[in-house]
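# Remarks on the overall topology
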Amino acid sequence: MTSSLMNTYGRQSVAFTHGQGVWMWDQNGKRYLDGLSGIAVNTLGHAHPYLTKVIGEQASRLMHTSNLYRISEQENLADKLTSISGMDNVFFCNSGCEANEAAIKLARLYGHQRGNENPAIVVMENAFHGRTLATLSATGNRKVQAGFEPLVAGFVRVPFDDIESVRQVAAHNRNVVAVLVEPIQGEGGINIGAIEYLRALREICDKNEWLLMLDEVQCGIGRTGQWFAYQHAEFKPDVVTLAKGLGGGVPIGACLASGAAAQTFKPGNHGSTFGGNSLASAAALAVLDTVERDGLRANAEKIGTRIRGGLAAALKDTSGITEIRGRGLMIGVQLDRPAGDLVGMSLEAGLLLNVTADNVIRLLPALVMNEAEADELVGILARLIREFLERKAAPGTAAA
Ligand SMILES: *Cc1c(COP(=O)(O)O)cnc(C)c1O
């Protein structure tokens, strides 16, 4: 394999040449069913005709001018995002970690503006917020942090989906200004925060004048069946961060704010050269328009339910499955043993998926997946899981 790349990824040796919808082809012409969408990025699948047309037209007109000038595509995208989210305003950047950096800076500034010189943010165990220094410090995974100490200070960690521990922090820590949480943890293993938990977080934040900041970098943009996962809980957060699926493959991130949080930044506090340029904004707007026009939120809900139900039925007599869970097209199949080998097995079988948190098979298909494609995915995956479980001994038993 090529050695001119810095050694940051343990890659599969396959390289793809093109795609169409939920299908991809490699250099040898082999076809794959894409159950991962470039990690929840390709919302509309590959080579979507409207998205590619908008990108082409925008690129041929104007791609980038910088945020020193007004950018009409960016303003239109911000209008669209605030209208579907109920939030007040938006800062644009280029990735998920940058969106979270913006949120973290916003929370600190919010604290300083209220006379708190040492503001702290409550974060969760098993959280993933990115790889920059502040976001890896906020991340609840030692593997992400190890070797990069000293970590950025100002984070207080508690267990996820455990409201009592947040109440304890509220009772004892006067420096807290915000909570940063994924409504559904992605990298952490598709762990779903209960609706009552999220609502209780909203209440605690209201009572203490903390900002409730939701990292929807993975679960946002229609994937769970609503535009945003918090909409299942029917409340409004103070800050929401987005990236992955927003541009449908074109890099763009966003930090949305409402209420007092929306009034925090002033010119000079934060910025990004590329953030929300004409090309990325036009692409994101095309993604959102298409999700809306083609009913893809409802489709995500329908196809997600079909995949989870199909897998549950196909695997009901198979032992070794701990849980099949998810919301919409954010799906995790947890096994009772490390499942990393399934990535290579499924690649071989022509299915793209990923394994996270050691034993959770993660599916993040494009929102355009249809029923026949979902059934094909279920058929391949159920067979692979059975094969894998027969081949790989359960923990604590002798090898087969
Ligand atoms: C992927 C991810 C990030 C980081 O996004 P990058 O674009 O890789 O920086 C942050 N938060 C969540 C929840 C993610 O899934």
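Presented here is an overview of the structure given in this document.

Definitions and limits used
- Residues numbered from 1 in each chain as written.
- Predicted model: local features only at pLDDT ≥ 70, side-chain atom pairs only at ≥ 80, totals over all residues.
- Heavy atoms only, no water.
- Pairing = 2+ DSSP bridges.
- Helix = DSSP H or I, 4+ residues; strand = E, 2+ residues; numbered from the N terminus.
- Near = heavy atom within 4 Å.
- Polar contact = N/O pair within 3.5 Å; in protein donor to acceptor, adjacent residues only side chain to side chain.
- Nonpolar A, V, L, I, M, F, W, Y, C, P; charged D, E, K, R; others polar.
- Expected span 1.5 Å × (residues − 1).
- Buried < 20%, exposed > 50% of the residue type's maximum accessible area, 1.4 Å probe, protein only.
- Arc of directions from axis to C-beta.
- Contact = heavy atoms within 4.5 Å.
- Axes fitted to C-alpha atoms, helices over the stretch in contact; angles between N-to-C directions.
- Salt bridge = Lys/Arg side-chain N within 4 Å of Asp/Glu carboxyl O.
- Phe/Tyr/Trp six-rings, centres within 6.5 Å; stacked < 30°, edge-to-face > 60°.
- Lys NZ or Arg CZ within 6 Å of the ring centre and 35° of its normal.

## Points about the pairing of strand 2 (residues 23-26)
- As judged from the 4 bridges shared by strand 1 (residues 16-20) and strand 2, these two strands associate in the antiparallel manner. Looking at the pairing, H18 lines up with W25 of strand 2.
- Hairpin connection from strand 1 to strand 2: 2 residues lie between these consecutive antiparallel strands, with G21 at a positive phi of about 60°.
- Pairing between strand 2 and strand 3 (residues 31-34): 3 bridges, direction antiparallel. Bridge assignment links M24 to a residue of strand 3, and that residue is Y32.
- Linking strand 2 to strand 3, which pair antiparallel, is a turn of 4 residues; within it G29 sits at a positive phi near 85°.

## Remarks on the site of the ligand
- As a matter of local geometry, the ligand sits amid S95, G96, C97, N100, F128, H129, G130, E182, D215, V217, Q218 and K244.
- With respect to the ligand, the backbone of F128 contributes an N or O atom lying 3.2 Å from a nitrogen atom.
- At 2.7 Å, a side-chain N or O of D215 approaches a nitrogen atom of the ligand.
- Top contributing element to the shell around the ligand by residue count: helix 4 (residues 96-113), with 3 residues.
- Per-class residue counts for the shell around the ligand are 3 nonpolar, 6 polar and 3 charged.

## Some thoughts on helix 10 (residues 296-314)
- Taking 1.5 Å per residue as the helical rise, helix 10 with its 19 residues ought to reach 27 Å, and the 26 Å between its terminal C-alpha atoms agrees with that figure.
- Of the positions making up helix 10, those classed as buried are L296, N299, A300, I303, G304, I307, R308 and L311. Projected onto a plane normal to the axis of helix 10, the buried residues spread over an arc of 150° and lie on a single side.
- Contact partners of the buried residues in helix 10: helix 9 (278-293), strand 13 (321-327), strand 14 (330-335), strand 17 (360-363) and helix 12 (371-391).

## Description of the sheet that holds strand 12 (residues 253-257)
- Ordered in space as 4-12-11-10-7-5-6, the 7 strands form an open sheet in which the pairing is mixed. At either end of the open sheet lies a strand with only one pairing partner, and these are strand 4 (89-93) and strand 6 (155-158). This sheet shows a mean twist of 20° between the axes of neighbouring strands, independent of strand direction.
- Note that strand 10 (residues 211-215) and strand 11 (residues 239-242) share 3 bridges and pair parallel. For D215, the partnering residue across the bridge sits in strand 11 and is T241.
- Those strands touched by helix 3 (residues 72-85) are strand 4, strand 11 and strand 12, and its axis lies near 125° from that of strand 4.
- Packed onto the sheet, helix 4 meets strand 4, strand 5 (120-124), strand 6, strand 7 (176-181), strand 10, strand 11 and strand 12 and runs at close to 175° relative to strand 10.

## Some thoughts on the sheet that holds strand 14
- Read across the sheet, 4 strands follow the order 13-14-17-16 without closing on themselves; strand pairing throughout is antiparallel. Each end of this open sheet is capped by a strand with a single partner; those strands are strand 13 and strand 16 (354-356). Across the sheet, the axes of successive neighbouring strands diverge by a mean angle of 25°, strand direction being ignored.
- Of the strand pairs in this sheet, strand 14 and strand 17 are connected by 4 bridges, and their pairing is antiparallel.

## Re the environment of S66
- Tracing the backbone through its elements, the reader meets S66 in the loop between helix 2 (49-61) and helix 3.
- Looking at S66, the relative accessible area reads 15%, which means it is buried.
- Once the C-alpha coordinates of S66 and N100 are considered, the two residues, 34 residues apart in sequence, prove to be 21 Å apart.
- In this structure S66 touches I71 and T273, once residues within four positions along its chain are discounted.
- Among the polar contacts listed, one links the side chain of S66 to the backbone nitrogen of L68, at a separation of 3.1 Å.

## Overview of the pattern of salt bridges
- Per the counting criterion, the structure on display carries 19 salt bridges.
- With a shortest N-O distance of 3.8 Å, K302 and E371 are connected by a salt bridge. Note that K302 is positioned in helix 10 and E371 in helix 12, a separation of 69 residues in sequence.
- Given the relative accessible area of 45%, K302 is considered partly exposed.
- A network of salt bridges, in which partner residues are shared, links K80, D289, E292 and R297.

## What about the environment of M330?
- For M330, the position within the fold is in strand 14.
- Judged by relative accessible area, M330 falls into the buried class, the value being 0%.
- Residues contacting M330, with those up to four places away along its chain left out, are I184, Q185, G186, I190, Q218, C219, R223, R325, L363 and L364.

## Describing the packing of aromatic side chains
- Going through the model one piece at a time under the given rule, you end up with 4 aromatic pairs.
- Their ring planes at 85° and their centres at 5.2 Å tell us that F16 and Y32 sit as a pair that is edge-to-face. Here F16, found in strand 1, pairs with Y32, found in strand 3; they are 16 residues apart in sequence, far enough to count as distant.
- Using a relative accessible area of 31% as the deciding quantity, one classes F16 as partly exposed.
- For Y32, a relative accessible area of 3% puts it in the buried group.
- A ring pair is formed by F228 and Y230, whose centres lie 5.8 Å apart and whose planes are at 5°; its orientation type is stacked.
- Linked through ring pairs, F228, Y230 and F235 together constitute an aromatic cluster.
- Of note, R31 hangs over the ring of W23, and the distance from its end group to the ring centre comes to 3.6 Å.

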